[in-house]
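Residues per chain are reported as follows:
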Amino acid sequence: MSNSVAGLAGRLELVSGDITRLQIDAIVNAANAQLAGGGGVDGAIHAAAGPAVLEECRRIVAAQGICPAGNAVITGAGRLPARHIIHAVGPIWHGGGVHEAEQLAGAYRSSLQLATEHGVKSIAFPNISTGVYHYPKQAAANIAIATVCDYLLTHAVPGHVVFCCHDAENIALYRERLAALGT
Ligand code: ADP
């Protein structure tokens, strides 16, 4: 095993199912730039967390404006078992020519930076942008895994990262890629 892969040993996990059910320090939401709630995983997270989280999002947007693609903000987690929700804004897929890859990597990296700043030991990501934002799933999985691995190799916190996949295509993609990494 190379040194770089050894630095990841035991730190990555694939879970299939509903991210709102995870007993973990922080879950990441695939939010929109207005942090206004929506469908998909965003809707599921706000429905489970309750209105206090949406109100916290409203206050953040009132104070600092919208959250552009590639960025993230952190709130409490309301009624969820997690302690924090990190609202990450991924890009809408427009064909790949308008910096979607950089923005998707940025959404993962910004989330991890917030996790480090807040002492988050364990964090779960959904497959950001691969639902109604239509980012191609294979390319998105490659970016998600590469960005998380790069970050973990230079940061001890968060110690543990979960990729929470909800649809069969993403589960298969992540299973294959994480197995190939040998982590
Ligand atoms: P985006 O707007 O970023 O594309 P979506 O919520 O539409 O966000 O989809 C992102 C991913 O979240 C999709 O791969 C979808 O399968 C997944 N997803 C939907 N509901 C849940 C859930 N409850 N837990 C985890 N992942 C979910």
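Structure first, text after, so check above.
K.L.:
What am I meant to see in the overall build of the protein chain here?
P.N.:
Helices and strands together make up the secondary structure of the protein chain, namely six helices and six strands. Starting at the N terminus and ending at the C terminus, the protein chain contains elements arranged as α-β-β-α-α-β-β-α-β-α-β-α. Taking 16 Å as the expected radius of gyration for a compact globule of 183 residues, we find that the protein chain reaches 15 Å, a close match to that expectation. Projected onto the principal axes, the alpha-carbon positions of the protein chain cover approximately 50 × 35 × 30 Å. When each of the 183 residues of the protein chain is scored for burial, the buried share is 48%. Of the accessible surface of the protein chain, which amounts to about 8,300 Å², a share of 55% is contributed by carbon and sulfur atoms. In the protein chain, 11 positive and 13 negative side-chain charges are present, and the distance between their average locations comes to 6 Å.

K.L.:
Just checking my understanding: could you explain the layout of surface pockets for this structure?
P.N.:
If you add up the space inside the largest pocket, you get close to 560 Å³. Taken together, 28 residues line the largest pocket, and the ones lying closest to its centre are A30, G40, V41, D42 and G131. Among the secondary structure elements, those contributing two or more residues to the lining of the largest pocket are β2 (26-31) and α2 (40-49). Here the element with the most residues in the lining of the largest pocket is α2; it accounts for four residues. Of the residues that constitute the lining of the largest pocket, the class distribution is 11 nonpolar, 13 polar and four charged.

K.L.:
What's the story with the site of the ligand in this structure? I'm lost.
P.N.:
The environment of the ligand is made up of 17 residues, and the closest members are V41, S129, T130, G131 and V132. Here an oxygen atom of the ligand sits 2.8 Å away from a polar atom, N or O, in the main chain of S129. At 2.9 Å from an oxygen atom of the ligand is found a main-chain nitrogen or oxygen belonging to V132. Relative to its unbound accessible surface of 560 Å², the ligand loses 90% to contact with the protein. Of the residues assigned to the shell around the ligand, the class counts are seven nonpolar, eight polar and two charged.

Basis of the calculations
- Every chain is numbered on its own, with residues counted from 1 as its sequence reads.
- The predicted nature of this model means local features are confined to residues of pLDDT at least 70 and side-chain atom pairs, given and counted, to a pLDDT of 80 or more, with totals for whole chains, interfaces and linings taken over all residues.
- Just so you know, side-chain values use all the structure's heavy atoms and leave hydrogens and water out.
- Elements are defined by DSSP. Helices are runs of H or I of four residues or more, strands are runs of E of two residues or more, and each kind is numbered from the N terminus.
- Two things to know: the radius of gyration comes from C-alpha atoms, and the globule rule equals 2.2 Å times the number of residues to the power 0.38.
- The cut-offs for exposure are 20% and 50% of the maximum accessible area for each residue type, with area from a 1.4 Å probe on protein chains only; residues under the lower value are buried, those over the upper are exposed, and the others partly exposed.
- All accessibility values rest on the Shrake-Rupley procedure with a 1.4 Å probe; residue burial counts only the protein chains present in the view.
- The positive count covers Lys and Arg only, the negative count covers Asp and Glu only, and His and the chain ends enter neither.
- Note on charges: their place is set at NZ of Lys, CZ of Arg, CG of Asp or CD of Glu.
- The pocket and cavity definitions rest on a 1 Å grid over protein atoms only: a 1.4 Å probe that fits but cannot leave marks a cavity, an open set with protein on both sides within 12 Å along at least five of seven lines marks a pocket, and residues lining either have an atom within 4 Å of a point.
- Grid points are joined across faces, edges and corners, and a volume is the space filled by probe spheres set on the points.
- Only Asp, Glu, Lys and Arg are considered charged, only Ala, Val, Leu, Ile, Met, Phe, Trp, Tyr, Cys and Pro nonpolar, and every remaining residue, Gly among them, polar.
- Throughout, the term near means that a residue has one or more heavy atoms lying within 4 Å of the molecule or strand in question.
- N or O atoms closer than or at 3.5 Å make up a polar contact, with two conditions inside protein: a donor-capable atom paired with an acceptor-capable one, and, for residues adjacent in sequence, both atoms drawn from side chains.

Read these as spatial facts, not as claims about activity.
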